[in-house]
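# Commentary on secondary and tertiary structure
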Protein chains: 2
Amino acid sequence: VTATPLGPGPEFDRIRAIAAVLGSRATGLGDDCAIVRVGTKTLALSTDASVEGVHFRREWLSLEEVGWRATAGCLSDLAAAGALPIGVLVALTMPAADPPAAFASVMDGVGRVVTSVGGTVLGGDLTKGDVRSITVTGIGRVESVIGRQGARPGDELWVTGELGGARAAWMAMQAGREPDTAARARFALPVPRVAAGRRLVEGGARAMIDLSDGLAGDARHLAAASRVMLRIDLAQLPCHPAARVEAETQGEPAEVFAAKGGEDYELLVVMPPGATGNVGIAWSRIGQVESGEGVVLELAGRAVALEGYDHFA
Amino acid sequence: VTATPLGPGPEFDRIRAIAAVLGSRATGLGDDCAIVRVGTKTLALSTDASVEGVHFRREWLSLEEVGWRATAGCLSDLAAAGALPIGVLVALTMPAADPPAAFASVMDGVGRVVTSVGGTVLGGDLTKGDVRSITVTGIGRVESVIGRQGARPGDELWVTGELGGARAAWMAMQAGREPDTAARARFALPVPRVAAGRRLVEGGARAMIDLSDGLAGDARHLAAASRVMLRIDLAQLPCHPAARVEAETQGEPAEVFAAKGGEDYELLVVMPPGATGNVGIAWSRIGQVESGEGVVLELAGRAVALEGYDHFA
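These numbers were taken from a predicted model, which means no experiment stands behind them.

What counts, and at which threshold
- Residues numbered from 1 in each chain as written.
- Chains lettered and ligands numbered in written order.
- Predicted model: local features only at pLDDT ≥ 70, side-chain atom pairs only at ≥ 80, totals over all residues.
- Heavy atoms only, no water.
- Least-squares fit on C-alpha atoms with pLDDT ≥ 70 in both.
- Contact = heavy atoms within 4.5 Å.
- Salt bridge = Lys/Arg side-chain N within 4 Å of Asp/Glu carboxyl O.
- Helix = DSSP H or I, 4+ residues; strand = E, 2+ residues; numbered from the N terminus.
- Nonpolar A, V, L, I, M, F, W, Y, C, P; charged D, E, K, R; others polar.
- Buried < 20%, exposed > 50% of the residue type's maximum accessible area, 1.4 Å probe, protein only.
- Pairing = 2+ DSSP bridges.
- Axes fitted to C-alpha atoms, helices over the stretch in contact; angles between N-to-C directions.
- Parallel < 35°, antiparallel > 145°, perpendicular 65-115°, else oblique.
- Left-handed = near helix turned anticlockwise from the far one by under 90°.

### Re the relation of the copies chain A and chain B
For the pair chain A and chain B, the relating rotation is 180 degrees, the translation along its axis is 0.0 Å, and the fit reaches an RMSD of 0.0 Å. The transformation relating the two chain copies, once decomposed into turn and shift, fits a two-fold axis. Comparing contact sets, 100% of the residues at the interface of chain A also lie at the interface in chain B, consistent with an isologous, same-surface contact.

What follows is the structure, given as structure tokens:
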């Protein structure tokens with residue numbers, strides 16, 4: 001069994017090296033979720049690590065928000081698989097000096113977001129360590145399997161919600177400025193699009209991925225897995241209002257700013273032509289699927305070169 | 001839903017604080033595995049973090065052994081639930097400077113141990129971070145649910161294999177001495193007792209826990225969960241040969257040395273009186289279940305006071 005093809009980059013070179021050494025000892029590496037059949041049912045599983053200083057800073061987030069945000073990232077993978085979450089397991093590493101209440105605060109954030117999508121906290125593991133980290137593993141039920149494969153030329157590319165809000169907050173905090181309140185909420189308390197993901201699958205979605213590392217990189221993974229080319233019209237990108245303001249500060253077109261933003265946890269979805277319907281939140285058509293490979297991003301008729309986020313670049 | 005009662009200690013105070021804040025948002029915290037029913041099937045899930053400098057040192061273990069050992073710890077939890085592993089998800093944090101081959105080496109160790117018990121690598125997540133860590137989440141199928149609860153007065157207490165080997169290696173390496181080869185293998189490449197766990201459940205086991213933090217502490221968790229007292233005759237403890245040698249160096253009775261040893265990943269199991277049968281490896285009767293609470297450890301008719309390992313003590 002081979003791994004799902006991935007876009008370029010040193011992070012994905014590492015996944016390719018792992019897939020090569022594991023060979024048939026691994027099944028289906030490289031997608032958002034592992035798909036496991038149990039009896040007549042199908043499960044989706046995903047694991048996601050958040051490390052202090054890499055994924056979050058304590059100055060920027062409360063402990064509840066650290067727990068919420070790490071868990072939302074994992075639940076977003078389940079959303080992209082059209083899964084209904086059953087629950088999460090949480091491995092939490094904190095300094096030995098952190099009191100029991102600090103652990104409880106992180107787990108309160110975990111509990112809030114997992115119950116918001118109908119799941120529970122199933123279990124976990126506590127470890128001491130100088131660097132705080134939280135690894136969340138989610139498990140959910142799927143009715144029909146959807147992944148990054150399945151896009152065909154002629155299909156249309158859509159995105160849920162608005163992009164760039166989390167990046168607007170991040171840029172402001174990075175610069176020592178107070179972030180916009182709504183943008184900060186997009187960063188600190190992202191909403192996993194579980195309900196939208198299920199409605200999109202019911203509505204005939206062909207392929208789906210969540211936007212955790214920026215539109216360009218995630219779209220490249222989808223294109224590679226489906227062996228197609230994606231053409232995206234950046235002018236159609238739904239930009240978060242705070243992204244428009246922050247983009248102006250940066251002297252950058254709002255759509256480029258929004259496309260660069262990771263961690264919005266919106267869904268990028270491929271639908272057959274002429275898709276309509278209510279997915280519970282706004283969704284926007286931003287491009288089309290063509291034969292070929294890679295991703296072409298255009299703004300006002302010109303190609304725009306953008307990279308996705310790569311942990312190891 | 002309340003958490004499974006746990007033994008005393010600051011690590012378990014943290015779990016109690018988490019269970020208190022989560023309330024009904026959590027289900028069944030405090031056991032080795034989460035039990036999830038999916039359709040007509042029952043799954044066991046467990047997550048386990050290993051952190052460099054806390055759980056392992058690079059001078060002591062190859063990268064393959066880091067991957068094997070972390071995964072064996074998780075699979076041992078599945079073994080204690082009598083589960084047949086389906087596979088594992090692995091969140092791996094390594095410095096950005098580590099090359100793709102280093103990631104592949106860790107995952108090779110993961111793949112070797114998970115296939116040794118019939119599972120596969122289902123997926124994972126790669127993250128950069130200055131402190132290496134690996135969090136393994138295992139999923140397995142169970143036919144009948146067994147946990148730490150279920151021991152009754154009159155039952156007998158057994159342990160699989162031999163104890164103290166991992167500790168003998170650890171003490172030698174800690175002192176800068178070359179460890180005994182067999183003891184080092186117990187430390188670096190522990191064998192999860194999956195086959196034995198399943199046979200013990202089929203043979204009528206009432207309660208089970210894996211020995212990851214030392215006999216005293218793990219026995220206390222089992223006693224607390226089952227609301228019974230466990231009386232253990234240390235003279236009956238099956239000691240690893242290297243534990244006998246190392247104990248003499250330390251001037252300690254071999255049985256006390258072996259009881260203190262964590263990370264042997266043997267199974268502590270409660271059987272109804274008169275249990276017999278072949279579990280595939282040696283197993284030894286070491287004590288009995290009485291009404292009351294806590295754990296009494298005796299050697300040559302005298303009580304011995306021992307603590308289990310506590311991450312936050």
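### A word on the interface of chain A and chain B
Often, the extent of an interface is quoted as the loss of accessible area on bringing the components together. Facing the 63 residues of chain A at the interface are 63 residues of chain B. Remark: the boundary between chain A and chain B carries 2 salt bridges. Elements that contribute at least two residues to the side of chain A that touches chain B include exactly helix 1 (10-22), strand 1 (34-38), strand 2 (41-51), strand 3 (84-94), helix 3 (100-116), strand 4 (120-128) and strand 5 (133-142) of chain A. Per-element accounting of the side of chain A that touches chain B gives the leading share, 9 residues, to strand 4 of chain A. Among the residues forming the side of chain A that touches chain B, the class breakdown is 34 nonpolar, 17 polar and 12 charged.

### Points about the environment of L122(B)
With respect to the helices and strands, L122(B) occurs in strand 4 (residues 120-128). Take L122(B): its relative accessible area is 5%, and that puts it in the buried class. A C-alpha to C-alpha distance of 5.6 Å links L122(B) and V88(B), two positions 34 residues apart in sequence. Contacts of L122(B), omitting those with residues within four sequence positions, involve T27(A), G28(A), L29(A), A34(A), V36(A), G87(B), V88(B), L89(B) and I139(B).

### Section: the sheet that holds strand 6 (residues 156-160) of chain A
For sheets, the rule is that strands pair by backbone hydrogen bonds, running either parallel or antiparallel. Residue and element names in this part refer to chain A. Strand order in the open sheet formed by 7 strands is 7-9-6-10-8-11-12, and the pairing between neighbours is mixed. Unpaired on one side and paired on the other, strand 7 (207-210) and strand 12 (302-303) mark the two borders of the sheet. Two elements, strand 8 (residues 229-233) and strand 11 (residues 294-299), share 5 bridges in a ladder whose sense is parallel. Residue pairing across strands places D233 opposite E298, the latter belonging to strand 11. Where helix 2 (residues 63-80) meets the sheet, it contacts strand 7 and strand 9 (267-271), and its direction lies at approximately 170 degrees from that of strand 7.

### Re the packing of helix 4 (residues 165-174) of chain A against helix 8 (residues 241-250) of chain A
All names here are of chain A. Direction vectors running N to C along helix 4 and helix 8 enclose 45 degrees, while the axes themselves pass 8 Å from each other. Taken together, the axis directions place helix 4 and helix 8 in an arrangement best described as oblique. With respect to the hand of their crossing, helix 4 and helix 8 are arranged in left-handed fashion. The segment helix 4 lies against helix 8, with G165, A168, M171 and A172 engaging A242, A243, E246 and Q250.

### Describing unusual backbone geometry
Residues and elements named next belong to chain A. Positive phi outside glycine occurs at E263, with the angle close to 65 degrees. Along the chain, E263 turns up in the loop between helix 9 (254-260) and strand 9. Judged by relative accessible area, which is 21%, E263 ranks as partly exposed.

### Some details on the pattern of salt bridges
Overall, the coordinates contain 38 salt bridges over all chains when judged by the stated rule. In this structure, R244(A) engages E255(A) in a salt bridge whose closest nitrogen and oxygen atoms are separated by 3.7 Å. In this pair, R244(A) sits in helix 8 while E255(A) sits in helix 9, placing the two residues 11 residues apart along the sequence. A salt bridge links E246(B) to R177(B); its shortest N-O distance comes to 2.8 Å. Remark: R177(B) occurs in the loop between helix 4 (165-174) and helix 5 (181-188) and E246(B) occurs in helix 8 (residues 241-250); sequence separation between them is 69 residues. When its relative accessible area of 6% is taken as the criterion, E246(B) is described as buried.

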